[in-house]
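# Overview (structure and organization)
As a plain string of letters, each chain reads:
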Amino acid sequence: MFQSILPAPPDAILGLTDAWKNDPNPLKVNLGVGVFKDDAGNTPILPSVKAAEALILQSATTKSYMPISGAPEYGICVQEMVFGAGHPVVAEGRARTAHTPGGTAALRVGADFLKKVLPDATVWMSSPTWANHKGVFGAAGFKCADYPYYDAAGKGLAFDRMCEVLETVPAGDIVLLHACCHNPSGVDLDAAQWQTVAQIASRCGWLPFLDFAYQGYGDGIEQDRAGVLALAATCPEFIIASSFSKNFGLYQDRTGAITLVAANASEAAAAFSNVEIAIRVNYSNPPAHGGLIVKTILTNETLRQQWVGELDGMREHIAAIRTRFVTALGEHGVPGDYSFIARQKGMFSFSGLSDAQVKFLRDSKSIYIVGGGRINVAGITSRNMEYLCTSIKEALAI
């Protein structure tokens, strides 16, 4: 039965890491997958996570199944982190949260739930967006459309064109929004722009779906929830997909959450029961370990403060790398103005490199960059900075 099946192409992002691992060049650089690296090129386990795991090991008494939506305490912690303690959406019972295996599972569960209740909807995504977004929503059976987002010429946000298109999105359609640290551009909306988008959503009647994969990586935990708070003040219904891969460093533990917000508590409960059905037929119930880490840290004030400091350190490291990279490009005589890289937020940046230049860097220099020129700034270190700059200078000359 399998003889006629052709090999599938490698994943556009994860496939790069496989190729990088198999590359014998000692100077090889991986700027593809979004994983934090310290200046030694390592992805460390956060000390707060280590401490939480020790507490979990001491107190664990069972390996029994989790509930379909995960531990209720985990959901409370996630809601307080996403909205802030005491927010009316939480206090009024309008939000319901399920623990999912990473942010991708949160997106897929949300997509399956929405396909059931909005079968004819179109999902609108920013141009560009994370490569897996269209795969996830397409696999759930949705038609996908784009709205303008990144202004390639100005290296910034095409906000006016974005709003013009969002005003035309039909009621009942779904609009996927990046809450912060836009992937792949690194260009975010400010608080006033979020207010405008929320007003458009309320006026036009489309459903916001927030991908909140990088809370704390933009400007801080509280500052990065500006989009969530704008929607909460204006829109009766929306969905949030959270990931804790980046801000807790739980990449291999696949820990995330889906949060559904409805107009009132009874509607939230009814809708959430259908979210639980989508979970049941996907993976039945979530793995416990990553959620226990998040819950332990967020409910232990000492560990929480330690974690916040570690998260601040990761964010500040990436911001410093951005500034040093811009300076180094200038010092090495790389033509062009790259100051926009220092203004962007989060792990990613559109470098402006063409696909031909990306191919040259991969084939000739063992520098692995996603097609379209997106780079993971967190993969740049003191050790590879000079090699990267000189190689980019060569690539621009081809």
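Small disclaimer: the values here were computed from a predicted structure and weren't measured.

### Describing the sheet that holds strand 7 (residues 174-178)
- Reading across the sheet, the 7 strands line up as 2-10-9-8-7-3-4 and stay open at both edges, with mixed pairing between neighbours. A strand with exactly one partner marks an edge of an open sheet, and here the two such strands are strand 2 (95-100) and strand 4 (143-148). Each neighbouring strand pair of the sheet contributes to a mean axis angle of 25°, computed without reference to strand direction.
- Alignment of strand 2 against strand 10 (residues 256-261), held across 6 bridges, turns out to be antiparallel. Pairing of Arg96 across the sheet is with Leu260, part of strand 10.
- In the packing of helix 7 (residues 159-166) onto the sheet, the strands contacted are strand 3 (122-127), strand 4 and strand 7, and the crossing angle to strand 4 comes to about 140°.

### Observations concerning the packing of aromatic side chains
- Going through the model one piece at a time under the given rule, you end up with 9 aromatic pairs.
- Between the aromatic rings of Tyr74 and Phe244, the centroid separation amounts to 6.3 Å while the plane-to-plane angle is 85°, which identifies the pairing as edge-to-face. Placement of the pair is Tyr74 in helix 3 (residues 72-83) and Phe244 in the loop between strand 9 (238-243) and strand 10, with a sequence separation of 170 residues. Across the pair, Phe244 and Tyr74 agree in class, each one buried.

### Considerations on the environment of Tyr150
- Of note, Tyr150 is situated in strand 5 (residues 150-151).
- A relative accessible area of 11% places Tyr150 in the buried class.
- Considering only alpha carbons, one finds Tyr150 and Glu53, 97 residues apart in sequence, at a separation of 40 Å.
- Once residues lying within four places of it in the same chain are set aside, the contact partners of Tyr150 are Ser127, Pro128, Lys155, Gly156, Ala158, Arg161, Ser185, Val187, Gln344 and Phe350.

### Section: the side chain of Gln357
- Checked against the element boundaries, Gln357 lands in helix 14 (residues 355-365).
- Here Gln357 falls in the buried class, since its relative accessible area comes to 12%.
- Filtering out sequence-adjacent residues up to four positions away, Gln357 remains in contact with Gly352, Ala395, Leu396 and Ile398.

### Some thoughts on the packing of helix 12 (residues 301-331) against helix 15 (residues 385-396)
- Two elements in contact, helix 12 and helix 15, have axes whose closest approach is 10 Å; the angle formed by their N-to-C orientations is 50°. In terms of orientation, helix 12 lies oblique with respect to helix 15. As helix 12 runs across helix 15, the sense of the crossing is right-handed. Seen from helix 12, the contacting residues are Ile321, Arg324, Phe325, Ala328 and Leu329; seen from helix 15, they are Met385, Leu388, Cys389 and Ile392.
- Tallied by class, residues from the contact of helix 12 with helix 15 come to 8 nonpolar, no polar and 1 charged.

The rules behind these values
Residues numbered from 1 in each chain as written. Predicted model: local features only at pLDDT ≥ 70, side-chain atom pairs only at ≥ 80, totals over all residues. Heavy atoms only, no water. Pairing = 2+ DSSP bridges. Helix = DSSP H or I, 4+ residues; strand = E, 2+ residues; numbered from the N terminus. Axes fitted to C-alpha atoms, helices over the stretch in contact; angles between N-to-C directions. Contact = heavy atoms within 4.5 Å. Phe/Tyr/Trp six-rings, centres within 6.5 Å; stacked < 30°, edge-to-face > 60°. Buried < 20%, exposed > 50% of the residue type's maximum accessible area, 1.4 Å probe, protein only. Parallel < 35°, antiparallel > 145°, perpendicular 65-115°, else oblique. Left-handed = near helix turned anticlockwise from the far one by under 90°. Nonpolar A, V, L, I, M, F, W, Y, C, P; charged D, E, K, R; others polar.

By themselves, these observations are geometric and do not establish any function.
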